[in-house]
Amino acid sequence: SVPFLVRLFPSILTKFVYLNFLSFPFFVDFRRPELLVNNTISLHLTTEPGVTVGIWHTVPGSRGAEAQGKDQRWYEEALADAHPVIIYLHGNGGTR
């Protein structure tokens, strides 16, 4: 019956191959990354009208002591300084 269901509903195969409907670890609030990763905040960038991309900004360990207790403005200014920025594209999952 599985091949028949996949033939009728091809999107089922995509769901089971990529499992993008699952969030791992379970029961974690990904809007609060500071609970998961040190020196990290959640930001949203508007790339074009009507398109907003959610990102996590994590400062390197060498700036970890400096980042302790800082607000969102500090992290935004840290993105604008002369240090290089590494962008990691995690794939097609629904979470960061």
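Everything discussed here concerns the structure shown above.
Everything numeric in this text was worked out from a predicted model, so none of it was measured.

S.K.: Just give me the short version of the pattern of salt bridges, but keep the residues and values in it.
M.R.: By the definition in use, this model includes 3 salt bridges. Notably, a salt bridge pairs Arg63 with Asp81, separated by 2.8 Å at the nearest N-O pair. You can see Arg63 sitting in the loop between β2 (51-58) and α3 (64-67) and its partner Asp81 sitting in the segment after α4 (72-80), a full 18 residues away along the chain. Among the salt bridges present, the one from Arg73 reaches Glu77, with a minimum N-O distance of 3.2 Å. Of this pair, Arg73 and Glu77 both sit in helix α4, 4 residues apart, which is roughly one turn of that helix. Owing to a relative accessible area of 54%, Arg73 belongs among the exposed residues under this scheme. Overall, the relative accessible area of 44% leaves Glu77 in the partly exposed class.

Each value, and the rule that gives it
Residues numbered from 1 in each chain as written. Predicted model: local features only at pLDDT ≥ 70, side-chain atom pairs only at ≥ 80, totals over all residues. Heavy atoms only, no water. Salt bridge = Lys/Arg side-chain N within 4 Å of Asp/Glu carboxyl O. Helix = DSSP H or I, 4+ residues; strand = E, 2+ residues; numbered from the N terminus. Buried < 20%, exposed > 50% of the residue type's maximum accessible area, 1.4 Å probe, protein only.

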